Amino acid sequence: MSSLSIVRTRADLRNLVSNWRRDGRKIALVPTMGALHAGHLALIEQAKASADVVIASIFVNPAQFAPHEDLARYPRQEAADIESLQTIGCDALYAPHVVELYPDGFQTRVVPGEVAARLEGAFRPHFFGGVATVVAKLFLQVDPDIAIFGEKDWQQLQVICTMVRDLDLKVEIAPAPTHREADGLALSSRNAYLSAAEREIAPNLKQALDKIAETLTQAPETLSDVLEQTKAQLLAAGFGSIDYLEVCHSQTLEPWHLGDPARVLVAAWLGKTRLIDNRGLD
């Protein structure tokens, strides 16, 4: 088990990063909200292969939760997370207090553009502004050479890539494949909310994505009908409602047209848990 440096203030973070820079080390950042699972640890492994030192951040970002959402009950397990990071060989953990990212009088925010407007942005209009702001601050505080983000949050990944490009941030964004359970369910900290019965239903989401991808490959002209059929099948399987099930341009997230690079994205409610997933086309 390796030694894990734990820093909670900007001053201590600055000292740590300065020492790494002085030694000429390439730095990778893996931003998380904690409640680490195998998907997060796969991001750490990818970061270790991409840089000399890896710093993970754990911060449950209040700016990306609306008042009616699950900020208070979002899973927090810092002691277990620290043990996982030590075991996997992460070099440092930045676990700041809220004041380190949002000090008294904080009022400046990043406002994402069109890439954030649809899908998640339509149902959670506050979300991507909160994500972009906190990620920008983490980039400025940690000053990483590379940052690893999972493809499970595909639209978030595109929002961050667009922000980095538009604001001339020098960090390289590296995507990591979605990590799944054996039955196809994408790993998520919110999966812990699912009851045993709901957990049995949840893999239907991945099956829906696969069906849509097959349609695009074999008979794209039937896409509209297949989308409606698949929504009905998800509801029949036990999902309560579907926020969206769409095929989009994989980078802009605009509606898909034949010839575009395609991504299928879905968000659906299973009991009180909102699940999201996506997949691309080969």
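Above: the structure in question.
Residues numbered from 1 in each chain as written. Predicted model: local features only at pLDDT ≥ 70, side-chain atom pairs only at ≥ 80, totals over all residues. Heavy atoms only, no water.

J.: Please explain the environment of L258 as it appears in this structure.
T.: Turning to its location among the elements, L258 is positioned in the loop between strand 7 (241-249) and strand 8 (262-270). For the pair formed by L258 and T217, sequence separation is 41 residues and the distance between their alpha carbons is 11 Å. (Helix = DSSP H or I, 4+ residues; strand = E, 2+ residues; numbered from the N terminus.)

J.: Help me out: how do you make sense of the environment of V247 in this one?
T.: Relative to the helices and strands, V247 resides in strand 7. Between the alpha carbons of V247 and V171 there is a distance of 29 Å; along the sequence they are 76 residues apart. The residues touching V247, leaving out its near neighbours within four places in the chain, are I212, L216, L223, P255, W256, A262, R263 and V264. (Contact = heavy atoms within 4.5 Å.)

J.: Could you clarify how one ought to interpret the nonpolar core in this entry?
T.: For soluble globular proteins, the rule of thumb is that nonpolar side chains tend to be buried together. Judged by nonpolar contacts, the single largest core of 43 residues is most densely connected at I55, V135, F139, F149, I160 and I173. For this core, the element with the most residues is helix 6 (residues 127-142), which contributes 10 residues. The contact partners of I160, leaving out residues within four places of it in the chain, are V131, V135, F139, F149 and I173. (Core = buried A, V, L, I, M, F, W, Y, C linked by side-chain atoms within 4.5 Å. Buried < 20%, exposed > 50% of the residue type's maximum accessible area, 1.4 Å probe, protein only.)

J.: What should I look at first to understand the sheet that holds strand 3 (residues 53-58) in this one?
T.: Spatially, the 6 strands line up as an open sheet ordered 1-4-3-2-5-6, and their pairing is parallel. Lying at the two open borders of the sheet, with one neighbouring strand each, are strand 1 (5-7) and strand 6 (172-176). For this sheet, the mean angle separating the axes of adjacent strands, direction not counted, is 25°. Sheet analysis places strand 3 next to strand 4 (residues 92-94), joined by 3 bridges and oriented parallel. Residue pairing for strand 4: A56 is matched across the bridge by L93. Set on the sheet, helix 6 makes contact with strand 2 (27-32), strand 3, strand 4, strand 5 (146-150) and strand 6; between it and strand 2 the angle comes to about 150°. (Pairing = 2+ DSSP bridges. Axes fitted to C-alpha atoms, helices over the stretch in contact; angles between N-to-C directions.)

J.: Sorry, what's going on with the pairing of strand 6 here?
T.: Every regular strand shows the same layout, with side chains that alternate between the two sheet faces. Where strand 5 and strand 6 come together, 5 bridges link them in parallel fashion. Among the inter-strand pairings, G150 is bridged to a residue of strand 6, identified as A176. The β-α-β motif built from strand 5, the intervening helix 7 (residues 154-166) and the parallel element strand 6 has right-handed crossover chirality. (Right-handed = clockwise from strand over helix to strand, strands pointing away.)

J.: It is not clear to me how helix 10 (residues 223-237) should be interpreted in this structure. Could you clarify?
T.: The end-to-end C-alpha distance of helix 10 is 21 Å, a good match for the 21 Å that 15 residues give at a rise of 1.5 Å each. Among the residues of helix 10, those classed as buried are L223, V226, L227, T230 and L234. Take helix 10 and look down its axis: the buried residues cluster within an arc of 105°, on one side only. Of the exposed residues in helix 10, the ones pointing more than 90 degrees away from its buried face are S224, D225 and A236. On its buried face, helix 10 sits against helix 9 (204-218) and strand 7. (Expected span 1.5 Å × (residues − 1). Arc of directions from axis to C-beta.)

J.: Looking at this structure, how should I read helix 1 (residues 10-22)?
T.: A turn of α-helix holds 3.6 residues, and therefore any two residues three or four places apart point the same way. End to end, helix 1 covers 18 Å across 13 residues, agreeing with the expected 18 Å (1.5 Å per residue, within 8%). For helix 1, the complete set of buried residues consists of L13, L16, V17 and W20. Along helix 1, the residues classed as buried sweep out an arc of 90° about the axis, all on the same side. Turned more than 90 degrees from where helix 1 packs its buried face, R14 and R22 sit exposed. Just past helix 1, the residue G24 takes up positive phi, approximately 75°.

J.: Would you mind going over the pattern of salt bridges with me for this structure?
T.: Any two side chains of opposite charge can pair, on the condition that their charged atoms come close. Counting across every chain of the model gives 20 salt bridges. Linking R165 and D166 is a salt bridge whose minimum nitrogen-to-oxygen distance equals 2.9 Å. Residue classification places R165 among the exposed positions, given a relative accessible area of 57%. Accessibility expressed as a relative area gives 47% for D166, which makes it partly exposed. (Salt bridge = Lys/Arg side-chain N within 4 Å of Asp/Glu carboxyl O.)

J.: How should the environment of L93 be read in this particular structure?
T.: Looking at where L93 falls in the secondary structure, it is placed in strand 4. By relative accessible area, L93 is classed as buried at 0%. Expressed as a C-alpha distance, the spacing of L93 and V30, which sit 63 residues apart in the sequence, is 9.5 Å.

J.: Honestly, the packing of helix 9 against helix 10 in this entry has me stumped. Any pointers?
T.: A pair of packed helices can be characterised by two numbers: the angle between their axes and the separation between those axes. Two elements in contact, helix 9 and helix 10, have axes separated by 10 Å at closest approach and are oriented at 165°. When the interaxial angle is binned, helix 9 and helix 10 end up roughly antiparallel. For the crossing formed where helix 9 meets helix 10, the hand is right-handed. Residues N204, L205, A208, K211, I212, T215 and L216 of helix 9 form the contact with helix 10, whose own contacting residues are L223, V226, L227, Q229, T230, Q233, L234 and A237. (Parallel < 35°, antiparallel > 145°, perpendicular 65-115°, else oblique. Left-handed = near helix turned anticlockwise from the far one by under 90°.)

Read these as geometric descriptors, not functional statements.
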